[in-house]
Amino acid sequence: MAKLLYSATASLDGYIAGPGGDMSWLTAHLAGGNPTAERLLADVGAILAGNRTFGGDDPNRGTDSEGAFGGQYHGPVFVLTHRPPAAPHPGVTFVGDLHSAAAQAKEAAGDKYVNILGANVAKQCIEAGLLDEVLMFFAPVLLGDGVRMFDHPGGAEVRLAPIPGETAHWYSVVH
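Remember, it's a predicted structure, so these values are computed and weren't measured experimentally. (Residues numbered from 1 in each chain as written. Predicted model: local features only at pLDDT ≥ 70, side-chain atom pairs only at ≥ 80, totals over all residues. Heavy atoms only, no water.)

## A closer look at the sheet that holds strand 3 (residues 44-50)
Then step 1. Strand order in the open sheet formed by 8 strands is 5-4-3-6-1-7-10-9, with mixed pairing between adjacent strands. Across the chains shown, the open sheet's two edge strands, defined by having one partner strand only, are strand 5 (92-95) and strand 9 (160-162). Adjacent strand axes in the sheet meet at a mean angle of 30° when their direction is disregarded.
Then step 2. Where strand 3 and strand 6 (residues 113-117) come together, 5 bridges link them in parallel fashion. In the sheet register, Val44 faces strand 6, and the bridge partner there is Tyr113. (Pairing = 2+ DSSP bridges. Helix = DSSP H or I, 4+ residues; strand = E, 2+ residues; numbered from the N terminus. Axes fitted to C-alpha atoms, helices over the stretch in contact; angles between N-to-C directions.)

So this is what it looks like as structure tokens:
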């Protein structure tokens, strides 16, 4: 059965996007291979993203590397939104309810991961008890402002446990 995984690259001060969702900062940190990311890509069966992430900034916009995982992901995408576009997007399903979106994405993923893209959707999955794992990559930069990888003022503590045998910063969510 598919697991919901929140994976992202963050600055060392915890931002996954700069002010206004700017992702251009990430371009300088995408050079070279990343064996963990490459292994993850092979294990992703579906993506669940928020509407802002889906329609937002892409550090590779206009290149062959545009899209999830540097343009290497080619599978089903589910976008959580209350404002679906009028025109369809091939391979993209727009869903207005978190539980329905997660269920559809898990079904499409089979026994692979549903990769969560976007801090807001990840937070909603955590709050709903749906998130199974978290994998964070860190870039050697301090952004100082932007979209935090997890921001929930006044929220409850979320406990994470390292996954034995996995790379650093790959955790299971303790329910």
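Past the structure itself, the notes keep going.
## Quick word on helix 5 (residues 119-127)
Then step 1. Of all the residues in helix 5, the buried ones are Ala119, Val121, Ala122 and Cys125. In an axial view of helix 5, the angular spread of the buried residues amounts to 165°, which keeps them on one side of the axis. (Buried < 20%, exposed > 50% of the residue type's maximum accessible area, 1.4 Å probe, protein only. Arc of directions from axis to C-beta.)

## Regarding the side chain of Ser7
Then step 1. Here Ser7 is to be found in strand 1 (residues 3-11).
Then step 2. Side chain to side chain, Ser7 and Asn115 meet in a polar contact 2.7 Å long.
Then step 3. Those residues within four positions of Ser7 in sequence are excluded, and the remaining contacts are Leu40, Asn115, Ile116, Leu117 and Leu135. (Polar contact = N/O pair within 3.5 Å; in protein donor to acceptor, adjacent residues only side chain to side chain. Contact = heavy atoms within 4.5 Å.)

## Topic: the environment of Met1
Then step 1. Looking at the secondary structure, you find Met1 in the segment before strand 1.
Then step 2. Considering only alpha carbons, one finds Met1 and Glu107, 106 residues apart in sequence, at a separation of 8.3 Å.
Then step 3. Sequence-distant contacts of Met1, that is, excluding residues within four places in its chain, are made with Lys106, Gly110 and Asp111.

## Structural notes on the side chain of Ser11
Then step 1. Along the chain, Ser11 falls in strand 1.
Then step 2. A polar atom in the side chain of Ser11 sits 2.4 Å from the side chain of Asp13.
Then step 3. For Ser11, the residues in contact, after removing those within four places along its chain, are Trp25, Phe138, Ala139, Val141 and Leu143.

## A word on the pairing of strand 10 (residues 170-173)
Then step 1. In terms of strand pairing, strand 7 (residues 133-139) meets strand 10 through 3 bridges, oriented antiparallel. From the neighbouring strand, Val134 faces strand 10, where its bridge partner is Tyr171.
Then step 2. Inspection of the sheet shows strand 9 paired to strand 10 by 3 bridges, in the antiparallel sense. Residue Ala161 lies in a different strand from strand 10, and its bridge partner there is Ser172.

## Focus: the pattern of salt bridges
Then step 1. Under the criterion given, the structure shown has 2 salt bridges.
Then step 2. Salt-bridge contacts for Glu166 lead to Arg39; the nearest nitrogen and oxygen are separated by 2.7 Å. Taken as a pair, Glu166 in the loop between strand 9 and strand 10 and Arg39 in helix 1 (residues 35-42) lie far apart in primary sequence, 127 residues in all.
Then step 3. Of the residues examined, Glu166 reaches a relative accessible area of 27% and is grouped as partly exposed.
Then step 4. With a relative accessible area of 38%, Arg39 lands in the partly exposed category. (Salt bridge = Lys/Arg side-chain N within 4 Å of Asp/Glu carboxyl O.)

## Digging into unusual backbone geometry
Then step 1. If you check the backbone angles, His169 has positive phi at about 70° while not being a glycine.
Then step 2. Within the secondary structure layout, His169 lies in the loop between strand 9 and strand 10.

## Some thoughts on the packing of aromatic side chains
Then step 1. Within this structure, the stated rule accounts for 1 aromatic pair.
Then step 2. Measuring from ring centre to ring centre gives 6.1 Å for Tyr113 and Trp170, while their planes differ by 45°; the resulting arrangement is tilted. In this pair, Tyr113 sits in strand 6 while Trp170 sits in strand 10, placing the two residues 57 residues apart along the sequence. (Phe/Tyr/Trp six-rings, centres within 6.5 Å; stacked < 30°, edge-to-face > 60°.)

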